[in-house]
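# Reading the structure
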Amino acid sequence: MIKIKVIAGSVRPGRFNIQPATWITDIAKKHQDIEVELIDLQELNLPFYNEPQPAMMGNYQHDHTKKWAKMIAEADGFIFVTPEYNHSYSPVLANAISYLNVEWNYKPVSFVSYGSVAGGARAVEHLRGIAGELRMFDLRDQVLFPNYYFNLDENGKYKFTEQESESANTMLVELSTWAKKLKTARES
Ligand SMILES: Cc1cc2nc3c(=O)[nH]c(=O)nc-3n(C[C@H](O)[C@H](O)[C@H](O)COP(=O)(O)O)c2cc1C
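Residues numbered from 1 in each chain as written. Predicted model: local features only at pLDDT ≥ 70, side-chain atom pairs only at ≥ 80, totals over all residues.

### Looking at the site of the ligand
Definition in use: Nearness rests on one distance test: the residue's C-beta atom, set from the backbone, must lie within 6 Å of the molecule or strand. Residues are sorted three ways: Asp, Glu, Lys and Arg are charged, Ala, Val, Leu, Ile, Met, Phe, Trp, Tyr, Cys and Pro are nonpolar, and all the rest, Gly among them, are polar.
In the region of the ligand, 13 residues are neighbours, and Ser10, Asn17, Pro83, Gly115 and Ser116 sit closest. Considering only residue class, the shell around the ligand consists of 4 nonpolar, 6 polar and 3 charged.

Structure representation (structure tokens):
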């Protein structure tokens, strides 16, 4: 079993984020080689980065950082679920990522994104640059939801399609494959 953590990257009241984050978590639960956990940054409630030293020093002072570091250190791979804000990813995700360094290293990351016409693609392109700096392995396959708001029912629930589930499964197979290989590599 490999441990995958899904990180829900919006804390906005009325956020759409929790819908795709829960959806991808539920699909991942059906993969027998994956143990998945959804991390909701709204619940985690990290303050703006307030460690005295840069994360790369690994000398964390605050309990909230130590708790967050433990959650990420035990993971073998990640799915970042991000909205697109001003053609980039959400500030709450940037903040959470910045808190840590070594805990992200040599682990794969996949992406679920949403927004208007670009479906969050521009947010993910920026996250790929961050992944490089953190020695993460960003995987090509991702799930995008362009203009998602046209596909909500009267209760605001998104109607996920079969094609989107297929894309999710392709992404999850890729993620679990590389999570296993990189786990072995880290252990050696
Ligand atoms: C500050 C801000 C900037 C935004 N900029 C973009 C953008 O550049 N591209 C886009 O597709 N959507 C943009 N949007 C629309 C968001 O994608 C949309 O509101 C989405 O629902 C936000 O995710 P959330 O509901 O999970 O918080 C922006 C929304 C906010 C709040």
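### Topic: helix α6 (residues 162-187)
Rule in force here: Helix and strand definitions here come from DSSP, where helices need a minimum of 4 consecutive H or I residues and strands a minimum of 2 consecutive E residues; each element is numbered from the N-terminal end. Helices are assigned an expected span. That span is 1.5 Å times one less than the residue count. Counting other C-beta atoms within 10 Å of a residue's own tells you its class, since 20 or more makes it buried, 12 or fewer makes it exposed, and anything in between is partly exposed; those C-beta atoms are placed from the backbone. Each residue is represented by a C-beta atom placed from its backbone, and any two residues with such atoms within 7 Å are regarded as in contact.
With 26 residues, α6 extends 37 Å from end C-alpha to end C-alpha; this agrees with the ideal 38 Å at 1.5 Å per step. Those residues of α6 lying buried are Glu164, Ala168, Met171, Leu172, Leu175, Ser176, Trp178 and Ala179. The inward-facing, buried residues of α6 contact β1 (2-8), α1 (18-29), β2 (34-40), β3 (77-83), β4 (108-115) and β5 (137-146).

### A look at the environment of Pro91
As for its placement among the helices and strands, Pro91 is situated in helix α4 (residues 91-98). Using a count of 14 C-beta atoms within 10 Å as the deciding quantity, one classes Pro91 as partly exposed. Taking the C-alpha atoms as reference points, Pro91 and Phe48, 43 residues apart in sequence, are found 9.7 Å from one another.

### Quick word on the environment of Glu103
Topologically, Glu103 is positioned in the loop between α4 and β4. By C-beta crowding, Glu103 is classed as partly exposed, having 18 other C-beta atoms within 10 Å. Separated by 30 residues in the primary sequence, Glu103 and Ala73 have C-alpha atoms spaced 4.6 Å apart. Excluding residues within four positions of it along the chain, Glu103 makes contact with Ala69, Ile72 and Ala73.

### Some points on the pairing of β4
Put simply, the test is: Pairing between strands is defined by DSSP: at least two bridges between the two strands are required. Seen with the strands pointing away from the viewer, any crossover whose path from the first strand over the helix to the second strand runs clockwise is right-handed.
In terms of burial, β4 is a largely internal element, 8 of the 8 residues being buried. The pairing of β3 with β4 spans 6 bridges and is classified as parallel. Paired with Ile79 across the bridge in β4 is Ser110. As a crossover connection, the stretch from β3 through α4 into β4 is right-handed. Here β4 pairs with β5 via 7 bridges, running parallel. Considered in β5, the bridge of Pro108 is made with Phe137. A crossover links β4 with its parallel partner β5, the connecting element being helix α5 (residues 121-133), and its sense is right-handed.

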